[in-house]
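If you want the building blocks of each chain, they are given just below.
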Amino acid sequence: MELFTAAEDLKFLNARQIISEAVRIPARSSPLKFFLITLTIILPLSLIQLLFEIHTSILYETFYNYLSGHNSSPSDKQFIRTYSIQELFYIPFLFLFFLLSTSAIVFTVASLYASKPVSFIPTLFAIPRIFKYLVLTFFYALLLMAVNYLVYSIPISVLASENTNEALLVGLMVIFTIIHILVQNCVTALWHLASVISVLEPDVYGLAAMKKSKQLLRGRTKIALELANLYFTATWIPELMFLLATQFPVHFMIKLLLGFLGLFMLVAVNLTWLLVQTVFFFACKSYHNQVVDKKVLYDHLGGYDLLRHKTVALNPSTGGVEMQSLVKDHERVGYQPVALNATTESINMQRSVKDHGTAGDQIVENGEP
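Draft legend 1. Inspection of the overall build of the chain at higher detail. For the chain, the count of helices and strands is 11 helices and 5 strands. Looking at the chain residue by residue over its 369 residues, the buried ones come to 38%. Within the chain, counting contacts between residues at least 6 apart in sequence, those at least 24 apart form 66% of the total. A total accessible area of about 21,100 Å² is found for the chain, and carbon and sulfur atoms account for 66% of it.

Structure, rendered in structure tokens:
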């Protein structure tokens, strides 16, 4: 069974059809793999996301009361300072788990697409190799986010300090906020597609991945923004439920129910979004008539797999260690056991080579034929 719609048909999918394709991936492949990834990585991500939202909401409310003098207290200044420091600890963990989740889901979906056998443990071993590329790509996305924030906040701060007419200030704030949100959604779409590119395309990460993402988004920007808006809207609903559960005076059992419901809803939203951005990558490639070769993708993904090359076992006859690795060449395939003798410095290498239907044994000792 195909993982999703044939590549030549992906170019015709709109945002809702891409989401529909994405949510069917776990059921079409292996629900257990995605359940384990969700339990170990996406669930902590969602919990940190909700706690960060509550923390930020409390901080902004206190900061507003402190500036306006409404319901403020002498301890507000210390409270704001403490919460601001705590905020700095939430942000790295939030992005850390998001990048880890991206690594795991994109690697798993791409492996299934390329018909590469994959299980939970090899996926975990692949994450460290993928993670470094995602961090470099995220660094350039972070620069764009910082510029967007400064362009938004500096004019607002200047206007507020100049005693501008209140109605004019509110109007300008609305305009600047709308522009800020649109730019932020564009940067988010650009970054998320660049993250998938960093995982799936050889030697394309960091600034190169951002440039490639910009190229793939040509003609697909509207769909990318629609997907980003749907994601942010979908995350807002469980976050609001979680805020209601923690801040409003309702019965404890209702708080507990709303809290768990909001958490599991956000887990589902995050899992769906990670699947969507991977499918969207293939849709963009299809739109630009760029074929994703399954064999090339298979070999590329194998480079992340630390368990691919070697299995280690004790050799009871020699008291040494024997490693086996699968040797793949264009014209020959065989197994290459390497025996490390604990009593000598020699390395005995024996390879069974099958070449054009003939089989033979070659012995290499001390690196000499």
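Draft legend 2. Molecular detail of the side chain of Lys116. Along the chain, Lys116 falls in the loop between helix H5 (76–113) and helix H6 (120–161). Looking at Lys116, the relative accessible area reads 8%, which means it is buried. Beyond its immediate stretch of four places on either side in the chain, Lys116 contacts Phe107, Ser111, Tyr298, Leu301, Gly302 and Asp305.

Draft legend 3. Examining the packing of helix H2 (residues 15–23) against helix H9 (residues 221–247) more closely. Axis separation between H2 and H9 bottoms out at 9 Å; the angle between their running directions is 60°. When the interaxial angle is binned, H2 and H9 end up oblique. In this structure, H2 crosses over H9, and the sense of that crossing is right-handed. Judged by residue contacts, Ala15, Arg16, Ile18 and Ile19 of H2 engage Ile223, Glu226, Leu227 and Leu230 from H9. Across the contact of H2 with H9, the residue classes tally to 6 nonpolar, no polar and 2 charged.

Draft legend 4. Representation of empty space enclosed by the protein in the model. As enumerated under the stated definition, the model contains 2 cavities of 30 Å³ or more in all. Ala189, His192, Leu193, Ala224, Leu227, Trp273, Val276, Gln277 and Phe280 together form the lining of the largest cavity. Of all the secondary structure elements, the ones that give two or more residues to the lining of the largest cavity are helix H7 (166–200), H9 and helix H10 (252–287). Ranked by residues supplied to the lining of the largest cavity, first place goes to H10 with 4 residues. Looking at the lining of the largest cavity residue by residue, the class counts come to 7 nonpolar, 2 polar and no charged.

Draft legend 5. Molecular detail of the pattern of salt bridges. Per the counting criterion, the structure on display carries 5 salt bridges. Salt-bridge contacts for Lys212 lead to Glu201; the nearest nitrogen and oxygen are separated by 2.9 Å. In this pair, Lys212 is assigned in helix H8 (residues 207–216) and Glu201 in the loop between H7 and H8, connecting sequence segments 11 residues apart. Glu201 shares its class with Lys212; the two are buried. Glu201 gets classed as buried once you look at its relative accessible area, which sits at 10%. If you follow the salt bridges from partner to partner, you end up with Glu21, Arg24 and Arg28 in one network.

Draft legend 6. Representation of the UniProt feature "transmembrane region" (unreviewed entry) in the chain. Those residues carrying the UniProt feature "transmembrane region" (unreviewed entry) are residues 34–52, 88–113, 133–152, 164–183, 189–209, 230–250 and 256–284 in this numbering. Across residues 34–52, the secondary structure splits into 100% helix and 0% strand, with the terminal C-alpha atoms separated by 25 Å. Span residues 256–284 is 100% helix and 0% strand, its end C-alpha atoms 42 Å apart.

Draft legend 7. Broad picture of the environment of Val196. Tracing the backbone through its elements, the reader meets Val196 in helix H7. Expressed as a C-alpha distance, the spacing of Val196 and Ile105, which sit 91 residues apart in the sequence, is 9.8 Å.

Draft legend 8. Examining H10 more closely. The terminal C-alpha atoms of H10 lie 51 Å apart, and with 36 residues this matches the ideal 52 Å at 1.5 Å per residue to within 8%. Positioned one or two residues after H10, Asn289 has a phi angle of 60°, which is positive.

Draft legend 9. Fine view of the nonpolar core. With 70 residues, the main nonpolar core has Ile105, Leu200, Phe280 and Leu297 as its most contacted residues. Top element by residues in this core is H10. It accounts for 13 residues. Aside from chain neighbours lying at most four places away, what touches Leu297 is Ala110, Tyr113, Ala114, Leu200, Phe282 and Val292. Counting residues in each nonpolar core, the second largest holds 6 residues, with Ile54, Leu243, Leu263 and Leu266 among its members.

Draft legend 10. How the structure looks around H9. Between its terminal C-alpha atoms H9 stretches 38 Å, which fits the 39 Å expected from 27 residues at 1.5 Å a residue. Ile223, Ala224, Leu227, Ala228, Tyr231, Thr235, Pro238, Glu239, Met241, Phe242, Leu243 and Ala245 are the residues of H9 that are buried.

Draft legend 11. Molecular detail of the packing of aromatic side chains. One pass over the structure, following the stated rule, counts 13 aromatic pairs. Taken together, a centroid distance of 4.8 Å and an interplanar angle of 20° make the contact between Tyr231 and Trp273 stacked. With a gap of 42 residues between them, Tyr231 in helix H9 and Trp273 in helix H10 connect regions that are remote in the sequence. Judged by its relative accessible area of 9%, Tyr231 is buried. Classification of Trp273 by relative accessible area gives buried; the value is 7%. Grouping aromatic residues by their ring pairs yields a cluster made of Phe95, Phe98, Phe138 and Trp191. Seen from the ring of Tyr287, Arg220 lies directly overhead, with NZ or CZ sitting 4.1 Å from the centre.

Draft legend 12. Spatial organisation of the packing of H9 against H10. The N-to-C vectors of H9 and H10 enclose an angle of 165°; their axes lie 7 Å apart at closest approach. Classified by the angle their axes make, H9 and H10 are roughly antiparallel. By crossing handedness, the relation of H9 to H10 is classed as left-handed. Residue composition of the contact of H9 with H10, grouped by class: 19 nonpolar, 5 polar and 1 charged.

Thresholds applied
- The residue numbering used here restarts from 1 in each chain and proceeds along that chain's sequence as written.
- For this predicted model, a pLDDT threshold of at least 70 governs which residues receive local features, and a threshold of 80 or more governs which side-chain atom pairs are given and counted, while totals over whole chains, interfaces and linings are taken from all residues.
- Excluded from the side-chain calculation are hydrogens and water; included are all heavy atoms of the structure.
- Runs of H or I in DSSP of at least four residues are treated as helices and runs of E of at least two as strands, each being numbered from the N terminus.
- Summary of the burial criterion: residues with accessible area below 20% of their type's maximum are buried, those above 50% are exposed, and those between are partly exposed, where the area comes from a 1.4 Å probe applied to protein chains only.
- Every residue pair with non-hydrogen atoms within 4.5 Å of one another is taken to be in contact.
- Computed by Shrake-Rupley with a 1.4 Å probe, the accessible areas treat only the displayed protein chains as cover when residues are assessed.
- All axes here are fitted lines through C-alpha atoms, helices being fitted over the stretch that makes contact, and every angle between N-to-C directions spans 0 to 180 degrees.
- Note on angle classes: values under 35 degrees are labelled roughly parallel, values over 145 roughly antiparallel, values of 65 to 115 roughly perpendicular, and the remainder oblique.
- Crossing chirality is assigned from the near helix's rotation relative to the far helix, an anticlockwise turn below a right angle marking it left-handed and a clockwise turn marking it right-handed.
- Classification convention: Asp, Glu, Lys, Arg as charged; Ala, Val, Leu, Ile, Met, Phe, Trp, Tyr, Cys, Pro as nonpolar; all other residues, Gly among them, as polar.
- Only protein atoms enter the 1 Å grid, on which a cavity is a set of points fitting a 1.4 Å probe that cannot get out and a pocket is an open set with protein on both sides within 12 Å along at least 5 of 7 lines, lining residues being those with an atom within 4 Å of a point.
- Grid points are joined across faces, edges and corners, and a volume is the space filled by probe spheres set on the points.
- The salt bridge definition used is simple: a Lys or Arg side-chain nitrogen within 4 Å of an Asp or Glu carboxyl oxygen.
- UniProt positions are given in the numbering used here, feature names are shortened, and annotations may be inferred rather than shown by experiment.
- Expected span, for any helix, means 1.5 Å times one less than how many residues it has.
- Here, nonpolar core refers to any group of buried Ala, Val, Leu, Ile, Met, Phe, Trp, Tyr and Cys residues whose side-chain atoms link them within 4.5 Å.
- Two rings from Phe, Tyr or Trp (for Trp, the six-membered ring) form a pair when their centres sit within 6.5 Å of each other. Planes less than 30 degrees apart are called stacked, planes more than 60 degrees apart edge-to-face, and all others tilted.
- Think of it as a cone above the ring: NZ of Lys or CZ of Arg counts as a charge over the ring if it is within 6 Å of the ring centre and within 35 degrees of the ring normal.

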